[in-house]
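# Remarks on the overall topology
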Amino acid sequence: MTFQTLDDLDDGQRVLVRLDLNSPVEDGEVQDNRRFGRHAATISELVDRDFAVAVMAHQGRPGDEDFVSLSQHADILADHIDHDVDHVADTFGGEALDAIDALEGGDVLVLENTRMADGELPEEEPEVKAETEFVQTLAPEFDAYINDAYSAAHRSHASLVGFPLVMDAYAGRVMETEYQANTAIAEKEFDGQVTMAMGGTKATDVIGVIDHIGDKIDDFVLGGIAGQLFLRAQGYPIGYDVGDMDLFTTQWENNQEIIEDILEERGDQITVAHDVAYGEDGERVEVDVDDVDEKGLGIMDIGTDTAEDYAELARESDAVFVKGALGVFEDEKFSTGTVTVLEAVAETDCFSVVGGGDTSRAITMYGMSEDSFDHVSIAGGAYIRALTGDALIGVEVLQNAN
Ligand SMILES: Nc1ncnc2c1ncn2[C@@H]1O[C@H](COP(=O)(O)OP(=O)(O)O)[C@@H](O)[C@H]1O
Ligand SMILES: O=C(OP(=O)(O)O)[C@H](O)COP(=O)(O)O
């Protein structure tokens, strides 16, 4: 890791801090989530060290319903750090500059949603972003720039890649820990078994990971929609869109060939479910995959036997990486696969990383402690890119900054 961290920064300075507070919004209400808790640690440290802090963050995308002001985010952050947090409805105009001017040591100010400001979008080269009025106006107001937004570091936006080119730049605590844990697959050596459990709804994520790090993983154990695509490719009459959701058919049409190629090249590393669960009259019903004779079954989870096998493999592993839920864990009766495997990982003294917003939610929902894992990532897209070895532009500019 070559970027500078908060350990390299003298106390009491004026700092511009990029967080990722992008959150679910329900009926206009921003929902508290893991991202606030994580970034709160960085902000609390800065407050304790008497920094004057201005926060940049984005919420949603222009045109979408969750594209809202950051005023609620400021309140939620204040609750987490148990300290006042102000919000100004402006990002780099006169109103923002007045509020920044008034900042004293220990103050925290959240600037308005960066995606509401000119120059933040679209994605362009860091050199272009560094020249925007956005960056050129804010940079001289601060002694240093801190990027804590690992989970947005795959976006080449002004607030993420422009500032490190024109001022001293540092990684925040979230950036530091996410980077270290998520690049472990590429950089760490493990003596024994390395297992990756993957599920969820996105076939491209799973295919990308197998394609890129197949040599570093001994066994991929699959569930979720992704696992069903691999079952179908092995000839089982499995995979069916439930209700209006098009989770299976389109992905099957787009990925059939590549999945068949993966099975041919790496079949011995890939384990799919040998039993699965579906819903009937509101109950969980389990069936052996060899006994499935119709495509009409909406499979919601891996079976209990398969879950136990995956858990056993996790217990024997030196390292386990998890991406994507193995079933629809939000419904308790279909949580068996996800929870059985996560609990086994939690109880085992292996190096463990769990990624993906939905998957990590299962940890909280089913009473597990985050401390039982080496790392629970708050990143979705950035985690996948890290696993597949893709560089994150926001990390690269930090590494090249000093
Ligand atoms: N068999 C299944 N059918 C439908 N959805 C599933 C199935 N298995 C898992 N899922 C869903 O996958 C979601 C997680 O998918 P994904 O977005 O890929 O992971 P993450 O958010 O962890 O990156 C969960 O919300 C879960 O309900
Ligand atoms: O939530 C985010 O991405 P994620 O859902 O892939 O983790 C980041 O804030 C990036 O947001 P974006 O995908 O609108 O650029």
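Because the structure is predicted, anything quoted here is derived from the model rather than measured. (Residues numbered from 1 in each chain as written. Chains lettered and ligands numbered in written order. Predicted model: local features only at pLDDT ≥ 70, side-chain atom pairs only at ≥ 80, totals over all residues. Heavy atoms only, no water.)

Glancing now at a negative patch on the surface. A grouping of Asp288, Asp290, Asp291, Asp293, Glu294, Asp305 and Asp309 is seen on the molecular surface, where their side chains present a negatively charged patch. Residue position: Asp288 is located in strand β13 (residues 283-288). Relative accessible area serves as the criterion here: at 32%, Asp288 is assigned to the partly exposed category. (Patch = residues over 30% accessible without salt bridge, like charges linked within 9 Å, V, L, I, M, F, W, Y side chains within 5 Å. Areas by Shrake-Rupley, 256 points an atom, 1.4 Å probe, with all protein chains shown as cover. Salt bridge = Lys/Arg side-chain N within 4 Å of Asp/Glu carboxyl O. Lys, Arg positive; Asp, Glu negative; His and termini not counted. Charge placed at Lys NZ, Arg CZ, Asp CG, Glu CD. Helix = DSSP H or I, 4+ residues; strand = E, 2+ residues; numbered from the N terminus. Buried < 20%, exposed > 50% of the residue type's maximum accessible area, 1.4 Å probe, protein only.)

Moving on to the UniProt feature "binding site: ATP" (unreviewed entry) in the chain. Residues annotated in UniProt with the feature "binding site: ATP" (unreviewed entry) correspond here to Glu330, Gly356, Gly357, Asp358 and Thr359. Position of Gly356 relative to the elements: it lies in the loop between β16 (351-355) and α14 (357-365). Setting aside anything within four residues of it in sequence, one finds Gly356 in contact with Ser377, Ala379 and Tyr383. Along the polypeptide, Gly357 turns up in helix α14. Overall, the relative accessible area of 47% leaves Gly357 in the partly exposed class. (UniProt positions renumbered as here; feature names shortened; annotations may be inferred. Contact = heavy atoms within 4.5 Å.)

By the definition in use, this model includes eight aromatic pairs. Ring geometry for Phe190 and Phe321: centres 6.2 Å apart, planes at 70°, overall edge-to-face. Here the residue Phe190 occupies a position in the loop between α8 (184-187) and β9 (194-198), and Phe321 occupies one in strand β15 (residues 319-323), the gap between them amounting to 131 residues. According to the relative accessible area criterion, Phe321 is buried, its value standing at 1%. For the pair Phe248 and Trp252, a centre-to-centre distance of 6.3 Å together with 15° between the ring planes defines the contact as stacked. For Trp252, a relative accessible area of 12% translates into the label buried. Members of the aromatic cluster, connected to one another through ring pairs, are Phe92, Phe134, Tyr145 and Phe163. Looking at Arg232, its charged tip hangs above the ring of Trp252, at a distance of 5.2 Å from the centre. (Phe/Tyr/Trp six-rings, centres within 6.5 Å; stacked < 30°, edge-to-face > 60°. Lys NZ or Arg CZ within 6 Å of the ring centre and 35° of its normal.)

Attention now goes to the sheet that holds β9. One open sheet accounts for six strands, arranged β11-β10-β9-β15-β16-β17; its pairing is parallel. In the strand order of this sheet, the two ends are held by β11 (270-271) and β17 (375-376), each with one partner. As judged from the four bridges shared by β9 and strand β10 (residues 219-222), these two strands associate in the parallel manner. Pairing of Met198 across the sheet is with Leu222, part of β10. Strands β9, β10, β11 and β15 of the sheet are contacted by helix α9 (residues 203-213), whose axis makes an angle of about 165° with β9. (Pairing = 2+ DSSP bridges. Axes fitted to C-alpha atoms, helices over the stretch in contact; angles between N-to-C directions.)

Right, let's get into the site of ligand 1. The full set close to ligand 1 counts 20 residues, and Ile299, Lys323, Glu330, Asp358 and Thr359 are the nearest of them. Residue Lys202 places a side-chain N or O atom 3.1 Å away from an oxygen atom belonging to ligand 1. One of the side-chain N or O atoms of Lys323 is found 2.6 Å from an oxygen atom in ligand 1. Its free accessible area being 570 Å², ligand 1 has 90% of it covered by the protein chains. When contributions to the shell around ligand 1 are tallied by element, the ones reaching two or more residues are α10 (224-233), β14 (299-302) and α14. (Near = heavy atom within 4 Å. Polar contact = N/O pair within 3.5 Å; in protein donor to acceptor, adjacent residues only side chain to side chain.)

This brings us to the UniProt feature "binding site: substrate" (unreviewed entry) in the chain. Residues annotated in UniProt with the feature "binding site: substrate" (unreviewed entry) correspond here to Asp20, Leu21, Asn22, Arg35, His58, Gln59, Gly60, Arg61, Arg115 and Arg155. When you line up the elements, Arg35 lands in helix α1 (residues 34-48). Classification of Arg35 as buried rests on a relative accessible area of 16%. Apart from residues no more than four positions distant in its own chain, Arg35 is found in contact with Asp20, Asn22, Ser151, Ile378, Ala379 and Gly380. With respect to the helices and strands, the residue Gln59 is situated in the loop between β4 (52-56) and α2 (71-81). Once residues within four sequence positions are removed from consideration, Gln59 is found in contact with Leu21, Asn22, Ser23, Val25, Asp66, Phe67, Val68, Leu70, His73 and Asn113. A polar side-chain atom of Gln59 sits 3.4 Å from a polar atom in the side chain of Asn22.

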